[in-house]
Each structure stands twice: as C-alpha cells, then as structure tokens.
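Structural features, examined
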Amino acid sequence: MTALNSRKVIFSLGVALGLLVQSGCKNLALVTNAVGGDPNSPLLLERVPSPDLADILEQRDKHCQRSKEARSRRLEHMSSKQRAEAFETIMIASCEPDYYPGVMQTALQSLRKYQDWSWGAQSFITLMQDVSDSQQRMLAYNQKLKLKLEQTIEAIGAIEEGINQRTEESPK
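Residues numbered from 1 in each chain as written. Predicted model: local features only at pLDDT ≥ 70, side-chain atom pairs only at ≥ 80, totals over all residues. Heavy atoms only, no water.

On to the packing of aromatic side chains, then. Per the stated rule, a full pass over the model turns up 3 aromatic pairs. Consider the rings of Phe87 and Trp117, whose centres lie 5.5 Å apart with planes at 25°: the pair is stacked. Of the two residues, Phe87 sits in helix H6 (residues 83–93) while Trp117 sits in the loop between helix H7 (101–111) and helix H8 (119–169), which places them 30 residues apart along the sequence. In terms of burial, Phe87 and Trp117 fall into one category: buried. Cluster of aromatic residues (ring-pair linked, three or more members): Phe87, Tyr114, Trp117 and Phe124. One Lys or Arg, Lys68, reaches over the ring of Tyr99 and ends 3.1 Å from the middle of that ring. The cationic tip of Arg83 hangs over the ring face of Trp117; the distance from NZ or CZ to the ring centre is 4.0 Å. (Phe/Tyr/Trp six-rings, centres within 6.5 Å; stacked < 30°, edge-to-face > 60°. Helix = DSSP H or I, 4+ residues; strand = E, 2+ residues; numbered from the N terminus. Buried < 20%, exposed > 50% of the residue type's maximum accessible area, 1.4 Å probe, protein only. Lys NZ or Arg CZ within 6 Å of the ring centre and 35° of its normal.)

Have a look at this one:
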C-alpha cells in the first residue's frame, strides 16, 4: 500500500468514525455509504422525486468524496436509459468530467425526453449540458490539432527524406 493510499484509508476511517460519533451510532449504514460508495444505495430521484438544487449538490458532493474507483464501480451498475440512473450518472461524472465525457453526454441525451424537472434539477442538467458541450468542442479541437500535428510530422519526414536523398546523390 502506498503512502497516499494509506493516508486515504486513514482519512476515510477518520471521517467514518467522526460521522459515527456525530450520529450517536444510530445510522451505521449512512456512514458506510458516505465513505464506501455502496453501488446498491438508493438513487437521489428514488428518494427525492423533485430534488431542489441543495439536494442535488449534496448528493453530488457525497459522490465526489468517494474514491475514483468507488465512483467507477457505481457507474458500472447503472444504465443511462432510466431517468434516475441517468441523473445519478451525471452527478458522478461531474466529479471528474474529463474522465467521463462520453458517459455524461450519453446520460444527458437520455434525459432530454423528460420535461417535468424541478427547478434545481433543470438548472443542474443545463449546467452539465454546458459542461458537456464545452468538452465536446475541446475534444474536437484537440482532434484537429492531433491531425495537424501528424500531417506536420509527415511533411517534416518527407523533407528530411528529400534532403537525405540529395545528400546521397551529390558528388563528393
């Protein structure tokens, strides 16, 4: 175990202990879910059908406090076709949007067919759509740069090859 992982484990145990003490040992499942990232815990829209922005940001924060591995495990168990799962997917993907651009975009597309969102949920979806659109533009721009770089490298290679041929052909 690396030093960084050891610190994360110690920190997670400290958070769990703090939550346990703070809750008076009443709700051990809450502590376990907050730190461990149970893939079977209820989704936000299953618990709160019309969440306000504070509910959404609180749930997102819980996801973002989990390890990248825990978030990835949670995403593996979800389908972007169901409303509650697609919404949860967006919250998880927003923790590190550069790692999940396609996942976020797919989930956002599946949510377009739903119109009956609370103001907070609609605001969050709109914000995440803006993030996703920006990512897609950046990915397209990076792809153009990559293509241009490859073409430049090929052109430089052709120039070098031409110089080498002339050098070989020139009388000494």
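What follows continues from the structure just given.
Scanning the entire structure with this criterion turns up 1 disulfide. Paired through a disulfide, Cys64 and Cys95 show a sulfur-sulfur distance of 2.0 Å. Judged by the sign of its S-S torsion, about -95°, the bond between Cys64 and Cys95 is left-handed. Taken together, the residues span a long stretch of sequence, with Cys64 in helix H4 (residues 53–65) and Cys95 in the loop between H6 and H7 at a distance of 31 residues. (Disulfide = S-S within 2.5 Å.)

This paragraph deals with the packing of H6 against H8. Where H6 contacts H8, the axes come no closer than 11 Å and their chain directions differ by 55°. When the axes of H6 and H8 are compared, the pair comes out oblique. Helix-helix and strand crossings are classified by hand; for H6 and H8 the assignment is left-handed. Contacts between H6 and H8 involve Phe87, Ile90 and Met91 from the first element and Ala121, Phe124, Ile125 and Met128 from the second. In terms of residue class, the contact of H6 with H8 is made up of 7 nonpolar, no polar and no charged. (Axes fitted to C-alpha atoms, helices over the stretch in contact; angles between N-to-C directions. Parallel < 35°, antiparallel > 145°, perpendicular 65-115°, else oblique. Left-handed = near helix turned anticlockwise from the far one by under 90°. Contact = heavy atoms within 4.5 Å. Nonpolar A, V, L, I, M, F, W, Y, C, P; charged D, E, K, R; others polar.)

Turning to its location among the elements, Ser132 is positioned in helix H8. Using a relative accessible area of 0% as the deciding quantity, one classes Ser132 as buried. The residues contacting Ser132, other than those within four sequence positions of it, are Met104, Gln105 and Leu108.

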